[in-house]
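Now for the letters of each chain:
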Amino acid sequence: MNHQTLHNKIVENCDAVQAWFKSKNQELAFPFYSSFDLRDAGFKIVPVDANIFPAGFNNICQTDRESAVDTAKEFLDSHYSPSTRNIVLLTEEHTANPYYWDNVAALQKLLLGAGREVRLAIPRSMTSPLQVINASGEKLVVHSATRSGSGLDIDGFKADLILSNNDFSTEYEEWARDLETPMNPPRELGWYRRRKDRFFKVYNQLAGEFCDLLKLDPWSMQVETELFPNFEVDEEESREALAVQAQQLNDRIQANYRRHGIDREPFLFVKNNSGTYGLGVAQVKHADEIKTWNNKSRKKMKAAKGGREISEVIIQEGIPTTTQGEGGQTAEPVIYMIGCQLAGGFLRAHGQKGVEESLNSPGAVYQRLCVSDLQIKMEGCPQENSYGWVARLSFLSVAIEARELGVDFKNYKPS
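Chemist: Can you lay out the overall build of the protein chain for me, pointing to particular residues and giving the numbers?
Modeler: Scanning the protein chain from terminus to terminus reveals nine helices and 18 strands. A compact globule built from 415 residues should have a C-alpha radius of gyration of about 22 Å, and the protein chain, at 21 Å, falls within 12% of that. Seen through its C-alpha atoms, the protein chain measures out along the principal axes to roughly 65 × 55 × 40 Å. The buried share of the protein chain, reckoned over its 415 residues, is 57%. Taking all contacts inside the protein chain whose residues are at least 6 apart in sequence as the whole, residues at least 24 apart take part in 70%. When the accessible surface of the protein chain is totalled, it reaches about 17,800 Å², and 45% of it is carbon and sulfur. Side-chain charges of the protein chain comprise 47 positive and 56 negative groups, with the mean position of each set lying 1 Å from the other.

Chemist: Residue-level account of the pairing of strand β1 (residues 33–40), with values.
Modeler: Among the eight residues in β1, eight count as buried, and that is most of the element. Covered by surrounding structure in β1 are Tyr33, Ser35, Asp37 and Arg39 together with Ser34, Phe36, Leu38 and Asp40, the residues of both alternating faces. Pairing analysis gives five bridges linking β1 to strand β16 (residues 330–338), with the strands arranged antiparallel. Each residue of the ladder has a partner; that of Ser34, found in β16, is Met337. Examined bridge by bridge, β1 and strand β2 (residues 45–51) share six bridges and lie antiparallel to one another. Bridging from a neighbouring strand, Asp37 pairs with Asp49 of β2.

Chemist: If you had to explain the pattern of salt bridges to someone new, which residues and values would you point to?
Modeler: For the structure on display, the rule yields 21 salt bridges. One salt bridge in this structure joins Arg252 and Glu226, with 2.6 Å as the shortest N-O distance. On the criterion of sequence distance, the pair formed by Arg252 in helix α7 (residues 236–259) and Glu226 in strand β12 (residues 225–228) is long-range, its members being 26 residues apart. A relative accessible area of 34% means that Arg252 is categorised as partly exposed. The network of salt bridges with shared partners includes Asp37, Arg39, Glu332 and Arg348.

Chemist: Quick one: what's the story with the nonpolar core, residue by residue and with numbers?
Modeler: The biggest cluster of nonpolar side chains holds 132 residues, and the ones touching the most others in it are Leu6, Trp175, Phe210, Met221 and Trp293. When sequence neighbours within four positions are dropped, the list of residues in contact with Met221 reads Met1, Leu6, Ile45, Val46, Tyr203, Ala207, Phe210, Cys211, Val390 and Leu393.

Chemist: Summarise unusual backbone geometry; cite the residues concerned and give the values.
Modeler: The omega torsion across Asn184 and Pro185 is -10°, close enough to zero to call that bond cis. Among the structural elements, Pro185 can be located in the loop between β11 (183–184) and α6 (196–214). Despite not being glycine, Asn230 shows a phi value in the positive range, around 50°. Residue Asn411 is not a glycine yet carries a positive backbone phi of 60°. As for its placement among the helices and strands, Asn411 is situated in the segment after α9 (382–404).

Chemist: Explain the packing of helix α3 (residues 62–79) against helix α4 (residues 98–113) to me, using residue names and the numbers behind them.
Modeler: As a packed pair, α3 and α4 sit with axes 8 Å apart at the nearest point and diverge in direction by 60°. One finds that α3 runs oblique with respect to α4. Considering how the two elements wind past one another, α3 and α4 form a crossing that is right-handed. Residue-level inspection shows Arg65, Ala68, Val69, Ala72 and Leu76 of α3 in contact with α4, the latter providing Leu110, Leu111 and Gly113.

Chemist: Can you tell me about the state of the cysteines, naming the residues and giving the values?
Modeler: Scanning the model with the defined rule gives one disulfide in all. Between the sulfur atoms of Cys61 and its disulfide mate Cys370 the distance is 1.8 Å. When the S-S torsion is 140°, as for the bridge of Cys61 with Cys370, the disulfide is right-handed. Taken together, the positions of Cys61 in the loop between β2 and α3 and Cys370 in the loop between β18 (365–368) and α9 put the pair 309 residues apart, joining distant regions of the chain. One exposure class covers both Cys61 and Cys370, and it is buried.

Chemist: Summarise helix α2 (residues 14–24); cite the residues concerned and give the values.
Modeler: Of the positions making up α2, those classed as buried are Val17, Trp20 and Phe21. For α2, the buried positions fall inside an angular range of 95° around the axis, keeping them on one side. In α2, the exposed positions angled more than 90 degrees off the buried face are occupied by Asp15 and Lys22. Each element contacted by the buried residues of α2 is listed here: α6 and α9.

Chemist: Residue-level account of a negative patch on the surface, with values.
Modeler: On the surface, Glu232, Glu235, Glu236, Glu237, Glu240 and Glu309 cluster together into a patch of negative charge. Tracing the chain through its elements places Glu309 in the loop between α8 (295–300) and β15 (313–317). For Glu309, a relative accessible area of 73% gives the class exposed.

Chemist: I'd like to hear about the sheet that holds β1, residue by residue, with values.
Modeler: Here we have five strands laid out as an open sheet, ordered β2-β1-β16-β17-β18, and antiparallel in their pairing. In this open sheet, the two strands that pair with only one neighbour each are β2 and β18. The mean inter-strand angle of the sheet, taken between neighbouring strand axes irrespective of direction, is 35°. Along the sheet, α6 makes contact with β1 and β2, crossing β2 at roughly 145°. The strands touched by α9 within the sheet are β1, β2, β16 and β17 (341–350), with β1 carrying the most contacts at an inclination of about 130°.

Rules of the game
- Residues numbered from 1 in each chain as written.
- Predicted model: local features only at pLDDT ≥ 70, side-chain atom pairs only at ≥ 80, totals over all residues.
- Heavy atoms only, no water.
- Helix = DSSP H or I, 4+ residues; strand = E, 2+ residues; numbered from the N terminus.
- Rg over C-alpha atoms; globule rule 2.2 N^0.38 Å.
- Buried < 20%, exposed > 50% of the residue type's maximum accessible area, 1.4 Å probe, protein only.
- Contact = heavy atoms within 4.5 Å.
- Areas by Shrake-Rupley, 256 points an atom, 1.4 Å probe, with all protein chains shown as cover.
- Lys, Arg positive; Asp, Glu negative; His and termini not counted.
- Charge placed at Lys NZ, Arg CZ, Asp CG, Glu CD.
- Pairing = 2+ DSSP bridges.
- Salt bridge = Lys/Arg side-chain N within 4 Å of Asp/Glu carboxyl O.
- Core = buried A, V, L, I, M, F, W, Y, C linked by side-chain atoms within 4.5 Å.
- Axes fitted to C-alpha atoms, helices over the stretch in contact; angles between N-to-C directions.
- Parallel < 35°, antiparallel > 145°, perpendicular 65-115°, else oblique.
- Left-handed = near helix turned anticlockwise from the far one by under 90°.
- Disulfide = S-S within 2.5 Å.
- Arc of directions from axis to C-beta.
- Patch = residues over 30% accessible without salt bridge, like charges linked within 9 Å, V, L, I, M, F, W, Y side chains within 5 Å.

This is the structure in structure tokens:
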């Protein structure tokens with residue numbers, strides 16, 4: 001199934017699809033934002049990464065950024081009380097990447113445009129505010145998210161809501177203890193607790209329902225993902241067991257390829273089950289490679305953000321990409337959401353990477369893919385429409401994942 005086929009099916013069944021989606025998101029609490037890295041192989045379209053604390057808002061197209069202001073205002077007005085005016089945008093603590101701060105500046109402007117007052121802060125004490133210059137040359141002031149009783153007080157600025165762009169790979173348990181100020185996305189969805197296998201399990205179930213509705217083969221929107229617990233990369237026995245499981249998954253994917261008439265060899269990715277920033281990810285062309293990972297490969301599968309050790313991984317079906325950027329570069333779509341509304345997108349393109357490789361690496365460039373074009377004429381936007389619905393399914397999976405984890409969205413009013 002290619003994106004044109006999925007687009008046509010959605011257009012033909014638009015009312016039924018909208019009704020199904022609305023029925024599924026009833027009484028769910030929504031993260032303020034999310035982003036999803038997608039892959040379009042020509043025979044299936046799936047998410048390969050789900051971010052609940054997304055960076056990269058600076059890369060979405062300008063038209064999307066402008067329209068996202070109204071989407072953000074609608075979310076805040078609908079789900080929080082009218083008195084929610086002061087927002088602390090909680091950022092990552094350790095980043096020397098000036099483009100990350102471009103993202104923060106884009107978010108700050110988005111919230112200001114939505115009629116809110118904003119302070120930037122990190123969850124630790126500093127003797128004085130941090131002065132940051134982003135890649136665009138803008139100066140940003142980052143404060144300490146200073147606890148005051150059960151809330152935050154930044155030089156007299158009392159937070160009504162914390163919007164987190166810190167992914168909580170570190171728990172920050174002491175800082176968060178007895179914190180009553182609502183936070184969205186909640187800290188409990190951070191990587192110190194969240195697991196990728198849970199997301200993909202929920203997503204695959206929803207994708208199956210969605211495909212049944214459209215009378216499509218569910219395989220065309222599902223991504224094979226298996227958990228490998230108790231991972232010890234330096235232990236030969238652990239690597240051998242991982243290789244065996246990887247070979248079994250590879251054989252199953254190969255059988256599905258034959259069943260669907262796909263003439264290519266499958267490949268896999270081994271990923272940290274609670275990882276981010278592209279750390280702890282290894283491509284596997286042949287399962288036996290795992291047994292003989294050299295020191296460099298093993299080191300790569302040890303390091304997680306914040307210096308944490310990797311104790312469990314997922315083995316995931318590799319999805320080649322048929323998407324091309326301007327000039328024919330290898331590319332993949334990335335879709336951003338605010339609540340359950342599409343907020344923006346771009347194509348991540350890389351001129352030095354092949355169709356099976358990860359494109360989230362140095363040298364990537366960001367090209368136009370505007371979801372706001374759907375408001376002009378949905379029928380004329382097959383990529384935006386098909387990728388947008390894969391993102392909606394992914395977002396719904398995140399919301400269900402949060403419910404299954406028992407995450408409390410304080411002071412949040414459901415739709």
